[in-house]
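Examination of the molecular architecture
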Protein chains: 2
Amino acid sequence: MNGAHALINTLVGGGVNVCFANPGTSEMHFVAALDDVPRMRGVLTLFEGVATGAADGYARIAGKPAAVLLHLGPGLANGLANLHNARRARVPMVVVVGDHATYHKKYDAPLESDIDALAGSVSGWLRRSASTSEIAADAAEAIATSQAGHHISTLILPADVSWSDGATTATTAPARAMPTVDVEQSAKVLRSGEATVLLVGGDATRGPGLIAAARIAAATGARWYCETFPTVLQRGAGVPAVERLAYFAEAVAAQLAGAQHLLLAGTKSPVSFFAYPGKPSDLVPEGCEVHVLAEPVGAADALAALADEIAPGVEAPLAAPSRPQLPTGALSAASAADVIGALLPERAIVVDESNTSGLLLAEATGGAPAHDWLTLTGGAIGYGIPAAIGAAVAAPERPVLCLESDGSAMYTISGLWTQARENLDVTTVIYNNGAYDILRLELQRVGAESTPGPKARELLDLTRPTIDFVHLAEGMGVAARRVATAEEFADALQAGFAEPGPHLIEAVVPSLLG
Amino acid sequence: MNGAHALINTLVGGGVNVCFANPGTSEMHFVAALDDVPRMRGVLTLFEGVATGAADGYARIAGKPAAVLLHLGPGLANGLANLHNARRARVPMVVVVGDHATYHKKYDAPLESDIDALAGSVSGWLRRSASTSEIAADAAEAIATSQAGHHISTLILPADVSWSDGATTATTAPARAMPTVDVEQSAKVLRSGEATVLLVGGDATRGPGLIAAARIAAATGARWYCETFPTVLQRGAGVPAVERLAYFAEAVAAQLAGAQHLLLAGTKSPVSFFAYPGKPSDLVPEGCEVHVLAEPVGAADALAALADEIAPGVEAPLAAPSRPQLPTGALSAASAADVIGALLPERAIVVDESNTSGLLLAEATGGAPAHDWLTLTGGAIGYGIPAAIGAAVAAPERPVLCLESDGSAMYTISGLWTQARENLDVTTVIYNNGAYDILRLELQRVGAESTPGPKARELLDLTRPTIDFVHLAEGMGVAARRVATAEEFADALQAGFAEPGPHLIEAVVPSLLG
């Protein structure tokens, strides 16, 4: 068996049975081998950032890695931004980067570049397969470490290692060490009677972790928040409600005001997303002591142990079902949020890259049927459309709602084509406010200019020309319509949820800044 | 003056007066400062790969660097593939990558990543500006080294270095050392009477270098070729005609058959673009001796000196004016080439990413009025639409014809929006053959499968759904039409050349492989 066959067999044997791919010549043996391994599904993307973002979304929902197939250094480069987000999301992923044949590299052919340097910047595990006889063992290790370490494993696959014969399949050994939990210090803090804030993240932002945290908060009176950008936040009716830590430092200061202790369960001590002149980067209030209960992996278990210690018999308060009324009139970010809150289907997966347009979504959807909320963990925009692909592939029976900003959407817009090809049940809402609105806001906040000049304004403006997302979607085979009123938006959203396959709604909303 | 002002002042003082930008929060002071420096033009792109590809195209035509403004590691990552192409094109470029404030980096905020590792893979010069007082000197050095070394200079700009006061402007010192030329060995080879092939590249693919090479060939009977992917090949009526070395190894073998000496003027010894099982990577015929006349920089001068030595008084044969007849009937890659040859305007800039659809273009356009031909130097697809932007910004008075493949176009399709915003005189032809045709060919050539299975075919197919490039272009403000006959193509091309502003023509052509 050649290396490519052994690699794919090892992947499916290890539970990795989806490969998001944008291949080139050096990957042709991998592509050819796909037909001999029925359990592996190949999903073509037209740009590598769509493939890596899809694998991120897939892992967040499936809880296991997908494979990604990329072409040499430039292919990896195109996928890096969404690998950055995936690294911050701590999802498992197996990235296979095809390379020139081992003996060909010394010739410095045009596509030769430093793959290792690029891969090293995002990978928790990285190996260049040296021979066909080792490729299967390498792949098995890539899967196992990726799952155990919740990281990206990157396997660089020279073309001759792929095409040569003499490979055998390897078995992936489960390797998942859970950290031991020491709750004593945290319990002591909570019993001190001093103002304590519990901050949850990592694997504690789904059912069990949230229930444990809610019990602790109920029993002790501690405030609690979710990290600003959780990988998956489970929320809605029947789930403990938790506010996310805010994006802007001023708002975080209000949330943490008066805290004497900050207890971290699966997340880091809060810092400002960006630095601003004269403002602190470290958002822990002065005099507040920081304690670490748990790292991201194992945070839910640690919270459960702490809850058993400190809140025996205490029930977690759960969010009651409650939906906004369907609004009427001109569409705005606020009325759009109410429409979404009113119509969000049960078990929906919401991929949120709505940026400024989505600020009111949390409140409007807090009582909707239980759903999963995926966020932009690494801040590299262009994650939404791709992540929605992966989520839909992972859970074909669940509706996926992708909330996108106009600016962010354009980075990976070709993902719509993959949604059409795979007939994925994704409803994409593009908030078209004609601007990089977050940057307009930031331009003021960094104190650069109180009144920006025309050249600065031009670099943050998306209206000359206005982007027609209906045309873009239709050009890639996705049914689309533009809406400007709440009623039209509600109609379009209901249709998107009701009909199978992908739909796009261009929601024309005013800029926050007028 | 703050760091951003000093940086921009230093850039324009050093002749860098265009900045292709996709900024974020950490670059807001740079953006704000643009309005105070009238000579700097800011051009917004919706994706970083468009900005870097535009700077490549700009440098190829302007002969000097543009600046690129990128946002942190993920922004740089998105621009890397076209930086790879630019590195292979040996063009000067000044890349400014905004970073977190110096004191903010230790907090590992979500967008923190290893910018240095990414930048190192494509940059000939790389510096992280350490303080506001040094930023201007750093920028001046970035410009000077970029021009002297024909490479990418990358300046990492921490936000606080940008926003703090205390900077002064610096002057860029010209630094351009030309190598000394030794023509003796080459002259001896050419006088030996043994079969010699002269291979030109680097800066020898424009007028003076080509004339010198043609004189040498005429005087000695040596065959001569241009490197496979020249940065800019000047060609057409009144210019010496030179065949490019072929892409596929079999064709190169035919071109070089019988050569006893290979004389390199500004390019490397020929190697196969990819490795193939059982086929050689090194394309130098057995027994052929390789001699280096000149490196890429200085190749034209070396050829001129050699011509004066070996071909005194010999005139270079120049291509005669000659155009194909306008063809009729169903459009094909062949008839499309004839239409282009018949209509190409004088002084046109052709940006060629036509891949398999463009194989017949060289012959059809060889007698058209003199023009410049830009090629995909690094093999990272998605360069055409961006490079056309840069070429049009560099030479607003010249028509730019961008020849694109359907697959390649999708990597950086948002560049059409920038063409619309800047009202650039670019006519883009998308060859829509519904496939990654080059990969279909390569799948056969690598010997992977004689009959690919359905999953392999699916990963190379672009017809389910068919991409509607007219919709995509119109969605971004570019006038577009679809053509299926040679007559329609000729009409559309004439209109595109005649009317100002960007136009797109979707040319529906059959796949090479049927």
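Residues numbered from 1 in each chain as written. Chains lettered and ligands numbered in written order. Predicted model: local features only at pLDDT ≥ 70, side-chain atom pairs only at ≥ 80, totals over all residues. Heavy atoms only, no water.

1. Quick look at the overall build of chain A
Counted only if it meets this: Numbering of helices and strands starts at the N terminus; helices are DSSP runs of H or I of at least 4 residues and strands are runs of E of at least 2. Our radius of gyration is a C-alpha quantity, and the globule rule it is checked against amounts to 2.2 Å times the number of residues to the power 0.38. Categorising residues by exposure relies on relative accessible area from a 1.4 Å probe, with only protein chains included: less than 20% of the type maximum marks a residue as buried, more than 50% marks it as exposed, and the intermediate range marks it as partly exposed. Any two residues whose heavy atoms approach within 4.5 Å are treated as being in contact.
Scanning chain A from terminus to terminus reveals 20 helices and 18 strands. In terms of C-alpha radius of gyration, chain A reaches 24 Å, essentially the compact-globule figure of 24 Å for 514 residues. Reported as C-alpha extents along the three principal axes, the dimensions of chain A are approximately 65 × 60 × 45 Å. Put simply, chain A has 514 residues, and 66% of those count as buried. For chain A, restricting intrachain contacts to residue pairs at least 6 apart in sequence, the fraction spanning at least 24 positions comes to 80%.

2. Considerations on the side chain of B:Thr228
Among the structural elements, B:Thr228 can be located in the loop between β8 (223-226) and β9 (233-235). Ignoring anything within four residues of it in the chain, the contact list for B:Thr228 reads B:Arg244, B:Leu245, B:Ala246 and B:Tyr247.

3. Observations regarding the interface of chain B and chain A
Our working definition: Here's the idea: put two parts together, see how much 1.4 Å probe accessible area each one loses, and the total over both is what we call buried area. Following the grouping adopted for this structure description, the nonpolar residues are Ala, Val, Leu, Ile, Met, Phe, Trp, Tyr, Cys and Pro, the charged ones are Asp, Glu, Lys and Arg, and the polar ones are all others, Gly among them.
Taken together, the contact pairs 99 residues of chain B with 99 residues of chain A. Of the roughly 8100 Å² buried at the junction of chain B and chain A (both faces included), carbon and sulfur atoms supply 65%. Together, B:Arg421, B:Lys455 and B:Leu459 form the three largest contributors to the area buried by chain B at its contact with chain A, with a combined 9%. Where the side of chain B that touches chain A is concerned, the elements lending two or more residues are α2 (28-33), β2 (41-44), α4 (72-89), α5 (115-120), α16 (415-421), α17 (437-445), α18 (454-458) and α19 (469-475) of chain B. The biggest single contributor to the side of chain B that touches chain A is α4(B), with 9 residues. Of the residues belonging to the side of chain B that touches chain A, the class tally is 53 nonpolar, 27 polar and 19 charged.

4. Regarding the relation of the copies chain B and chain A
What counts, and what does not: Alignment of the copies relies on least squares applied to C-alpha atoms, considering only residues that score at least 70 for pLDDT in both.
The two copies are related by a screw motion: chain B maps onto chain A through a turn of 180° and a shift of 0.0 Å along the axis, at an RMSD of 0.0 Å. Taken together, the turn and the small shift mark the pair as related by a two-fold rotation axis. Of all interface residues in chain B, 100% are interface residues in chain A too; the two copies therefore contact each other through one and the same surface.

5. Description of the packing of aromatic side chains
This is how it is decided: Note on aromatic pairs: the rings of Phe, Tyr and Trp (six-membered ring only in Trp) are paired at centre separations within 6.5 Å, and the planes decide the class, stacked below 30 degrees, edge-to-face beyond 60, tilted for the rest. When the NZ atom of lysine or the CZ atom of arginine is within 6 Å of a ring's centre and also within 35 degrees of its normal, the charge is said to sit over that ring.
Counted under the stated rule, the structure contains 15 aromatic pairs over all chains. Members of the aromatic cluster, joined through ring pairs, are A:Phe229, A:Tyr247, A:Phe248, A:Phe273 and A:Phe274. Here A:Arg235 stacks its cationic end above the ring of A:Trp373, 5.0 Å away from the centre of that ring. Directly above the ring of B:Tyr276 sits B:Lys279, whose terminal nitrogen or CZ lies 5.8 Å from the centroid.

6. Some points on the UniProt feature "domain: Thiamine pyrophosphate enzyme N-terminal TPP-binding" (unreviewed entry) in chain A
Defined as follows: UniProt positions are given in the numbering used here, feature names are shortened, and annotations may be inferred rather than shown by experiment.
The sites that carry the UniProt feature "domain: Thiamine pyrophosphate enzyme N-terminal TPP-binding" (unreviewed entry) are, in the present numbering, residues 1-106 of chain A. The span residues 1-106 of chain A shows a helical share of 47% and a strand share of 19%, and its end C-alpha atoms are spaced 27 Å apart.

7. Section: the domain arrangement of chain A
All names here are of chain A. This is how it is decided: Source of the domain bounds: an automatic or database domain assignment. The salt bridge criterion pairs a side-chain nitrogen of Lys or Arg with a carboxyl oxygen of Asp or Glu, the two atoms within 4 Å. Nitrogen and oxygen atoms within 3.5 Å of one another constitute a polar contact, given that in protein one can donate a hydrogen and the other can accept it, and given that sequence-neighbouring residues count only through two side-chain atoms.
By domain assignment, chain A separates into domain 1 (3-163), domain 2 (184-310) and domain 3 (333-508). Distance between the C-alpha centres of domain 1 and domain 2: 35 Å. In this assembly, 6 residues from domain 1 lie in contact with 9 residues from domain 2. Across the domain 1/domain 2 interface, buried area totals approximately 570 Å², and carbon plus sulfur atoms make up 49% of it. Counting the surface domain 1 buries against domain 2, the share from its top three residues, Arg 60, Arg 90 and His 150, is 75%. Along the contact surface separating domain 1 from domain 2 lie 0 salt bridges. Taken together, domain 1 and domain 2 are joined by 3 residue pairs in polar contact (both at pLDDT 80 or more).

8. Digging into a nonpolar patch on the surface
Residue and element names in this part refer to chain A. What counts, and what does not: Only residues whose relative accessible area exceeds 30% and that take part in no salt bridge are eligible for patches, with like-charged residues grouped when within 9 Å of each other and nonpolar side chains (Val, Leu, Ile, Met, Phe, Trp, Tyr) grouped when within 5 Å. Computed by Shrake-Rupley with a 1.4 Å probe, the accessible areas treat only the displayed protein chains as cover when residues are assessed.
The grouping of Leu 359, Leu 360, Leu 512 and Leu 513 at the surface amounts to a nonpolar patch, some 370 Å² of accessible area in total. On the secondary structure map, Leu 359 appears in the loop between β13 (349-353) and α13 (361-365). Taking the relative accessible area as the measure of exposure, Leu 359 reaches 59% and is therefore exposed.

9. Some points on the side chain of A:Gln255
Residue and element names in this part refer to chain A. Looking at the secondary structure, you find Gln 255 in helix α10 (residues 249-256). Residue Gln 255 is classed as buried on the basis of its relative accessible area, which comes to 8%. Side-chain polar atoms of Gln 255 contact the side chain of Glu 243, separated by 2.8 Å. When residues no more than four places from it in sequence are discounted, the contact partners of Gln 255 are Arg 223, Tyr 225, Glu 243, Arg 244, Leu 245 and Ala 246.

10. Considerations on the environment of B:Ile349
All names here are of chain B. Note that Ile 349 resides in strand β13 (residues 349-353). By relative accessible area, which is 0% here, Ile 349 ends up buried. Taking the C-alpha atoms as reference, Ile 349 lies 8.2 Å from Cys 402; in sequence the two are 53 residues apart. Among residues more than four places away in sequence, those in contact with Ile 349 are Ile 61, Asp 372, Leu 374, Ala 391, Ala 395, Arg 398, Pro 399, Val 400 and Leu 401.

11. A look at the pattern of salt bridges
Within the structure shown, the criterion is met by 42 salt bridges over all chains. Taking the shortest distance from any N to any O, the salt bridge between B:Lys268 and A:Asp108 comes out at 2.9 Å. A residue pair is termed interchain when its members come from two chains, as with B:Lys268 in the loop between β11 (261-265) and β12 (289-294) and A:Asp108 in the loop between β4 (93-99) and α5 (115-120). The salt bridge partner of B:Arg41 is B:Glu422, with a shortest N-O separation of 2.8 Å. Here B:Arg41 is found in strand β2, whereas its partner B:Glu422 is found in the loop between α16 and β16 (426-432), with 381 residues between them in sequence.

12. With respect to the pairing of strand β2 (residues 41-44) of chain A
How we decide: A pair of strands is treated as paired once DSSP finds two or more bridges between them.
Of the pairings in the sheet, the one linking strand β1 (residues 18-21) of chain A to β2(A) comprises 4 bridges and is parallel in character. Looking across to β2(A), one finds that A:Val18 is bridged to A:Arg41.

13. Brief notes about unusual backbone geometry
Between A:Arg464 and A:Pro465 the backbone carries a cis peptide bond, its omega angle lying at 0°. Its place among the elements puts A:Pro465 in the loop between α18 (454-458) and α19 (469-475). The phi torsion at B:Asp108 lies on the positive side, around 50°, for a residue other than glycine. Phi at B:His150 takes a positive value of approximately 50°, unusual for a residue other than glycine. Summarising the element assignment, B:His150 is placed in the loop between α6 (135-149) and β6 (152-158).

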